[in-house]
Amino acid sequence: RNARDALSADGEIHIADYGLQRTRLMRALFRNTVQRIDGVHDTEPNGRGLLPTLMREAGFAGVEETRVVPTPTGSISIYRGVAMNGNGPSTHYNERTVR
């Protein structure tokens, strides 16, 4: 059972994970810690900011990055998405990304 199916119609999911590494410093920290430990193959999609696309493909609407937190290992992004009911979300959500 996937996360979307576990939520009620219009339920929200919030995910904290490594996201797009926007600055040279955050990219260097990410490469020298996370990618060194977990490997580039497994972590590069996160570093390129692919998670919002994957959330949309999994059936979440209104996907947005609500916060970016710089850490000693690279930036962590907080994402929000809304589970779609059978006819799509009942509330209008804007697609936006924090820059």
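Provided above is the structure to which this section pertains.
Small disclaimer: the values here were computed from a predicted structure and weren't measured.

The rules we used
- Residues numbered from 1 in each chain as written.
- Predicted model: local features only at pLDDT ≥ 70, side-chain atom pairs only at ≥ 80, totals over all residues.
- Heavy atoms only, no water.
- Helix = DSSP H or I, 4+ residues; strand = E, 2+ residues; numbered from the N terminus.
- Buried < 20%, exposed > 50% of the residue type's maximum accessible area, 1.4 Å probe, protein only.
- Contact = heavy atoms within 4.5 Å.
- Areas by Shrake-Rupley, 256 points an atom, 1.4 Å probe, with all protein chains shown as cover.
- Polar contact = N/O pair within 3.5 Å; in protein donor to acceptor, adjacent residues only side chain to side chain.
- Phe/Tyr/Trp six-rings, centres within 6.5 Å; stacked < 30°, edge-to-face > 60°.
- Salt bridge = Lys/Arg side-chain N within 4 Å of Asp/Glu carboxyl O.
- Arc of directions from axis to C-beta.

(A) The overall build of the protein, seen in detail. The secondary structure content of the protein amounts to five helices and four strands. Out of the 99 residues belonging to the protein, those deemed buried represent 35%. Once local pairs closer than 6 in sequence are excluded, the contacts in the protein between residues at least 24 apart make up 69%. Accessible area for the protein stands at about 6,100 Å²; split by element, carbon and sulfur atoms hold 53% of it.

(B) Molecular detail of the side chain of Gln-21. Position of Gln-21 relative to the elements: it lies in the loop between strand S1 (12-18) and helix H2 (24-32). Exposure remark for Gln-21: the relative accessible area of 7% places this residue in the buried category. A polar contact of 2.8 Å, which involves the side chain of Gln-21, links it to the backbone oxygen of Gly-19. From its side chain, Gln-21 meets the backbone nitrogen of Ser-75 in a polar contact 2.7 Å long. Residues in contact with Gln-21, not counting those within four places in the same chain, are Met-26, Arg-27, Phe-30, Gly-47, Gly-74 and Ser-75.

(C) Just the side chain of Ser-75, in detail. By the secondary structure assignment, Ser-75 is in strand S3 (residues 74-83). At a separation of 3.3 Å, a polar atom in the side chain of Ser-75 contacts the main-chain carbonyl oxygen of Leu-20. When sequence neighbours within four positions are dropped, the list of residues in contact with Ser-75 reads Tyr-18, Gly-19, Leu-20, Gln-21, Met-26, Val-68, Val-69 and Pro-70.

(D) A look at the packing of aromatic side chains. Within the structure shown, the criterion is met by one aromatic pair. Ring geometry for Tyr-18 and Phe-30: centres 5.5 Å apart, planes at 50°, overall tilted. One end of the pair, Tyr-18, is in strand S1; the other, Phe-30, is in helix H2, and twelve residues separate them in sequence. As far as the burial class goes, Tyr-18 and Phe-30 line up, both buried.

(E) How the structure looks around the pattern of salt bridges. One pass over the structure, following the stated rule, counts four salt bridges. Residue Arg-80 is joined to Glu-12 by a salt bridge in which the shortest nitrogen-to-oxygen separation is 3.6 Å. Of this pair, Arg-80 sits in strand S3 while Glu-12 sits in strand S1; the two residues are 68 residues apart in sequence, bridging distant segments of the chain. Of the charged contacts in the structure, one is a salt bridge between Glu-65 and Arg-22, with a shortest N-O distance of 2.5 Å. Residue Glu-65 is located in strand S2 (residues 60-71), and its partner Arg-22 is located in the loop between S1 and H2; the two are separated by 43 residues in the primary sequence. Residue Glu-65 is classed as buried on the basis of its relative accessible area, which comes to 3%.

(F) Structural view of H2. Of all the residues in H2, the buried ones are Met-26, Arg-27 and Phe-30. Along the axis of H2, the buried residues cluster in a sector spanning 100°; they form a single face. Along H2, the residues that are exposed and aim more than 90 degrees away from the buried face are Arg-24 and Leu-25. The elements touched by buried residues of H2 are S1, helix H3 (34-38), helix H4 (40-47), S2 and S3.

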